[in-house]
Amino acid sequence: MKQDKTNQDKRTGLANVLVITGLLAMAVMALMPLLNIFHPWMRWAFAAGAFIVLAGRVIGAYTGPVLRIRRLHRILMFSALLYCVSAWMMFMPDGGKNAIGFLLAGVVVQMYASWMIDREQEKTEK
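Draft legend 1. Representation of the confidence of the model for the chain. Counting all residues, the mean pLDDT for the chain is 89, and 93% of those residues have values of 70 or more. Across the chain, element-level confidence peaks in helix H2 (residues 42-59) with a mean pLDDT of 95 and bottoms out in helix H1 (residues 2-31) with 84.

Draft legend 2. Just the pattern of salt bridges, in detail. This structure, assessed with the given rule, holds two salt bridges. A salt bridge links Glu120 to Arg68; the nearest nitrogen and oxygen atoms lie 3.4 Å apart. Residue Glu120 is found in helix H4 (residues 96-125), and its partner Arg68 is found in helix H3 (residues 67-90); the two are separated by 52 residues along the sequence. We classify Arg68 as partly exposed; its relative accessible area is 33%. The partner of Glu120 in a salt bridge is Lys123, and the shortest N-O contact between them spans 3.6 Å. Within this pair, Glu120 and its partner Lys123 are both found in helix H4, separated by three residues, close to a single helical turn. On the accessibility criterion, Glu120 (8% relative accessible area) is buried. Exposure remark for Lys123: the relative accessible area of 48% places this residue in the partly exposed category. Residues joined by salt bridges that share partners form a network here, namely Arg68, Glu120 and Lys123.

Draft legend 3. Expanded view of the layout of surface pockets. Its volume calculated, the largest pocket comes out at about 510 Å³. Of all the elements in the fold, those that place two or more residues in the lining of the largest pocket are H1, H2, H3 and H4. If one sorts the elements of the lining of the largest pocket by residue count, H1 sits on top with eight residues. Lining the second largest pocket we find 18 residues, and of these Met29, Ala30, Pro33, Met42 and Met90 sit closest to its centre. Mapped by element, the contributors of at least two residues to the lining of the second largest pocket are H1, H2, H3 and H4. Examining the composition of the lining of the second largest pocket, we find that five residues originate from one element, H4, more than from any other. Looking at the lining of the second largest pocket residue by residue, the classes come out as 13 nonpolar, three polar and two charged.

The rules behind each value
- Residues numbered from 1 in each chain as written.
- Predicted model: local features only at pLDDT ≥ 70, side-chain atom pairs only at ≥ 80, totals over all residues.
- Heavy atoms only, no water.
- pLDDT = per-residue confidence, 0-100.
- Helix = DSSP H or I, 4+ residues; strand = E, 2+ residues; numbered from the N terminus.
- Salt bridge = Lys/Arg side-chain N within 4 Å of Asp/Glu carboxyl O.
- Buried < 20%, exposed > 50% of the residue type's maximum accessible area, 1.4 Å probe, protein only.
- 1 Å grid on protein atoms, 1.4 Å probe; cavity = no way out; pocket = protein on both sides within 12 Å on 5 of 7 lines; lining within 4 Å.
- Points joined across faces, edges and corners; volume = space filled by probe spheres on them.
- Nonpolar A, V, L, I, M, F, W, Y, C, P; charged D, E, K, R; others polar.

Here you go:
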């Protein structure tokens, strides 16, 4: 029993590192065009960040007993999929405008799910 808890803690820690790393890479690559810095490798770095976030979300999937928190973690996976669609759109001709839309949609979904997960965990602790 204790070994399972330790493995889950390690998996959660790894997932958090992956998600934070991927989100930072995506943020830097999304902000560089605003500073008039354009390089062909930037979309590849953005795509790598998006897939790292997706990997982190899959690795850190919630397996606890609370159904609502489990569903909210699936919504977080959906936000990571929106980031991947955004990265894919960057490779399309004139897809940059659509890529920003998918990126912002993923951000909004992630913010909602993260906020609700915190709220639900506080409820279950009481």
